[in-house]
Structure formats: structure tokens, C-alpha cells
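# A look at the structure
Single-letter residue listing:
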Amino acid sequence: MRAMERTFREQLFFLALCACVLKGDSRHIENNEISKDELFSFFDSEPKRETPEEFMYRRPLRCLDMVAVEGRFSFTADSPQLGCATFLVAEPDQLISVHVERVHIDCSGGDFVTVFDGWVMKGEKFPSSQDHPLPASERYVDFCDSPRSSVRSSQNVAMVFFRLHAAGSGFALTVRKHANPFPCNVISRAMEGSYTMVIPQQRRNCSFSIIYPVEIDVSEFSVGHGSEHPKSSSSPGCAQSGDFVQLLGGSGIDTSKLLPITDVCASFGGPTRVKVGCDNAAVRMVSSGRSVSRVSFSYRLLQRPELQSIKLNNVEDFCFRN
């Protein structure tokens, strides 16, 4: 029963995700005739376990699709397809590689197949430009312009945009997953769970993004200091230390545009359990690189009565206004 509930929640997540994408202004996305039943079938139709090379999972892609498993995927246009995208997602401790092959498109006529290192939704990018190691221009690999045939993501999500003007045009790609010993930026597929984020003496920012309204409970941390019980503050004092954790909320996936709900550091006292009634919540850790930074937390989906009560909370009311 619990497994069935989790599958249903994943289906609802993808339905909500597609609704967000189709409302966006990106030139790569446009309205597509995709039914609710087709959206719900995306997760159920894919195998739950990896298979050997000779038995690799294969299926055709849809114009708007999500891929959460390894396999070989292909797309052949039966009519002009001018704004298509495939969202790729792996487990939090994995990276994704995409090998594009059998490309039959008219690059000079405006066709393209492009892999993006991250996700783009409603014009916003995850990870944000502040948190990704590459400049935005280098995160796009257009196979019409680049000699590269393979791309590896920097986190557990990636994206394939494509535009095909003529029937019969198409391409194939192979998706693989790879272990990531120190995952930095993550988008969670789950609506509840626990996670530990570690930055091993590197000057960088890492975010764990949850595309649901959730309650976040920071249980332990060592952020630029020795391990101790977490303390929090809504003041900007944590940022002065150079090592801190932010709990953020908002309507998009770009963490630099989310609003801070509270900071967590070693210098302030306060609660560590926060209800974020926004479409998107994130735990973002900033490390100066002076020491190993670590934060552990759990999260769960907020129920409807909880969301109704949060509307009266003057701290998080911005989630419902924006």
C-alpha cells in the first residue's frame, strides 16, 4: 500500500511539473496535446531496476516527457514538433550522462537537439547561476554546433530540448546514471524523506530543492564549526560567518530568486522545524571552504489543512501572494 501511495504521488508530481512547464515562456516549450492518462503512465511504464547492456530498456520519447531510468530512447517526428523537452532525473547521489546518436535533423533549417546541464522551468534554471560551477552558456550543448556526442550532468537532473520541422526527422539517445560521492545540487522526486548534504572543504553553494510545500526539520549539522545542535535566526547574521544554511521558499526553481525563511548557523538560537507553504522549498548550504560542512534534515509533504493555516502566518504569506 505504501509503495502504491508513493507511485501515485510521483505521478501527481509529474502532472504538476508539466503544468508548470506549459505555463512557461521558454521558446523551447509550447502547448502539447498530452492527456492526463498519458502523464500518469510515465512512471508506471518504466522499469524499476537497471538492466544489463544487452537487455537495456528502450522506448520512444514523447514531445514532453520525463525519463527516470537508464535506457535507449528515440524520437521520430510524424509532424512538425517545434517545442519539445525531456526531463531527466536520477537519485540524489547520481549524475546523468546523455549520449546522442542517429541524429537526422536539418540544422540549417532551424532544427536542434540540445542538452542542458540542469532543469529549466518558466525561464528559471536549476541549479541557479550562483550555485552551478559552469557559466550558463556552457551548460547548453547544441549537437548542431558541437562536435561532442556525450554530456554528463553536474547533478541528478538534466534536460533535452529539441525542435524538428519535418516529418521523419529524429534522433536517439542513451541515458546512463553514475555514482556521485559528493552530490551538491539535488531536485527531490520524493514528497518525504531525509537527506544529508556534505561539502568537503570546498568554497561552493549546494541546494536540495523540493517542488512541493513541505515541513523541513533540520536535525543536526556541522557548518564551518564543530557538530552541535542547530540554532537558527531570521536575521542576516549567519551570512557574515561565511558558512550557513538557508531554508528558502517561493514559486520557482531558481534558488537565488527564492525568499529566505530562516538561516541556520552556530551563532543564533531558535527553532529548526519550518513549514514552507510554497510551491518550491529548498535547503541551501553556503560553505567558505574552511572546513567540511554538513547538514542533515528530513522533510514531508504538507497536508491541505496545514496549508490553509499557513495562509494566516505573516512569515510565509508571500508563498500565496506571489
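This text gives an overview of the structure that appears in the document.

How each quantity is defined
Residues numbered from 1 in each chain as written. Predicted model: local features only at pLDDT ≥ 70, side-chain atom pairs only at ≥ 80, totals over all residues. Heavy atoms only, no water. Buried < 20%, exposed > 50% of the residue type's maximum accessible area, 1.4 Å probe, protein only. Pairing = 2+ DSSP bridges. Helix = DSSP H or I, 4+ residues; strand = E, 2+ residues; numbered from the N terminus. Disulfide = S-S within 2.5 Å.

This part is about unusual backbone geometry. The residue after F126, namely P127, is reached through a cis peptide bond having omega -10°. Despite not being glycine, R102 has its phi angle at roughly 45°, a positive value. You will see that K122, though not glycine, has its phi angle at about 50°, which is positive. Residue class for K122 comes out partly exposed when judged on its relative accessible area of 38%.

Sheet topology note: the strand 5 (residues 94–104)/strand 12 (residues 170–179) ladder contains 9 bridges and is antiparallel. The partner of E101 across the bridge, within strand 12, is A172. Summarising the sheet, strand 5 and strand 10 (residues 150–152) pair through 3 bridges and their orientation is antiparallel. Bridge assignment links S97 to a residue of strand 10, and that residue is R152.

Here we take up the state of the cysteines. Evaluation of the coordinates by the stated rule reveals 3 disulfides. Residue C63 pairs covalently with C84 via a disulfide, S to S 2.1 Å. Measuring the twist about the S-S bond at about -95°, one finds the C63-C84 disulfide to be left-handed. Residue C63 is found in the loop between strand 1 (58–60) and strand 2 (64–67), and its partner C84 is found in strand 4 (residues 81–89); the two are separated by 21 residues along the sequence. Here C107 is linked by a disulfide to C144, with a sulfur-sulfur distance of 1.9 Å. The S-S bond linking C107 to C144 shows a torsion near -80°; that makes this disulfide left-handed. On the criterion of sequence distance, the pair formed by C107 in the loop between strand 5 and strand 6 (112–116) and C144 in the loop between strand 9 (140–142) and strand 10 is long-range, its members being 37 residues apart.

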